[in-house]
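Geometric and topological summary
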Amino acid sequence: MDSERNDEDGGYSGPILYYTDAVIDHFTNPRNVGEMADDEADGYACIGDPGCGDEMKLWIAVRDERIERIAFKSYGCPGAISTSSMLTVLAEGRTLDEALAITDDDVVGALGGIPENKQHCSLLGVKALRAAVASARR
Ligand code: FES
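Structural notes, computed from the coordinates.

As a further point, take the nonpolar core. If you look at the biggest cluster of nonpolar residues, it comprises 29 residues, and the most contacted ones within it are Leu58, Ile60, Ile67, Val107 and Leu129. Elements that contribute at least two residues to this core include exactly strand E3 (43-49), strand E4 (54-63), strand E5 (66-75), helix H2 (78-91), helix H3 (96-100), helix H4 (104-110) and helix H5 (121-137). Of the residues forming this core, the biggest block, seven residues, is contributed by H5. Other than its neighbours up to four places away in sequence, Val107 contacts Thr83, Met86, Leu87, Leu90, Ile102, Ser122 and Val126. Core analysis: the next-biggest nonpolar cluster, separate from the first, contains five residues, Met36, Ala41, Trp59 and Ala61 among them.

Next up, the structure:
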């Protein structure tokens, strides 16, 4: 997905410069926020973005190769929080292989786009999910 928004009515067609309603919703009411105890979690990752100091912790509980529960804590900007939240929504209930196939474009697309200078924020969640899956498979 690109960050261009095309209006079929011939309106503004360019980069998204604002937070969509979905981003604001997931930022103000993030899903799956929390932690898991060591004996609950099968996979865990802590990923930071050295460029901006944001950080995400992600836990997954796996049953029959499927993500049964997922929880996160993120310290960061609205882009980081909303994409972390949406990532958990997309990953919950997926098999580990399906979870590994989730891309930052999937996350950004599910939020209806995020401003171009915030697109890197979605990488935090995708990286954390991939690392958590790898740790669950160890
Ligand atoms: Fe750091 Fe958004 S500005 S992840």
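Attention now moves to H2. An α-helical segment advances 3.6 residues per turn. Residues three or four places apart therefore align on the same side. Under the 1.5 Å per step criterion, the end-to-end length of H2 is 20 Å for 14 residues, consistent within 8% with the ideal 20 Å. When you tally the buried positions in H2, you get 12 out of 14 residues, the bulk of the element. Turning to H2, its buried residues number three or more, namely Gly79, Ala80, Ile81, Ser82, Thr83, Ser84, Ser85, Met86, Leu87, Thr88, Leu90 and Ala91. On its buried face, H2 is in contact with helix H1 (21-28), E4, E5, H4 and H5. Downstream of H2 by one or two residues, Gly93 has phi in the positive range, about 85 degrees.

Quick look at the packing of H2 against H5 now. Put simply, H2 and H5 touch, their axes get as near as 7 Å, and they point 40 degrees apart. As judged from the angle between their axes, H2 and H5 are oblique. In this structure, H2 meets H5 at a crossing whose hand is right-handed. In contact with Gly79, Ala80, Thr83, Leu87 and Ala91 of H2, H5 contributes Cys121, Ser122, Leu124, Gly125, Val126 and Leu129. Considered class by class, the residues forming the contact of H2 with H5 number seven nonpolar, four polar and no charged.

Definitions and limits used
Residues numbered from 1 in each chain as written. Predicted model: local features only at pLDDT ≥ 70, side-chain atom pairs only at ≥ 80, totals over all residues. Heavy atoms only, no water. Core = buried A, V, L, I, M, F, W, Y, C linked by side-chain atoms within 4.5 Å. Buried < 20%, exposed > 50% of the residue type's maximum accessible area, 1.4 Å probe, protein only. Helix = DSSP H or I, 4+ residues; strand = E, 2+ residues; numbered from the N terminus. Contact = heavy atoms within 4.5 Å. Expected span 1.5 Å × (residues − 1). Axes fitted to C-alpha atoms, helices over the stretch in contact; angles between N-to-C directions. Parallel < 35°, antiparallel > 145°, perpendicular 65-115°, else oblique. Left-handed = near helix turned anticlockwise from the far one by under 90°. Nonpolar A, V, L, I, M, F, W, Y, C, P; charged D, E, K, R; others polar.

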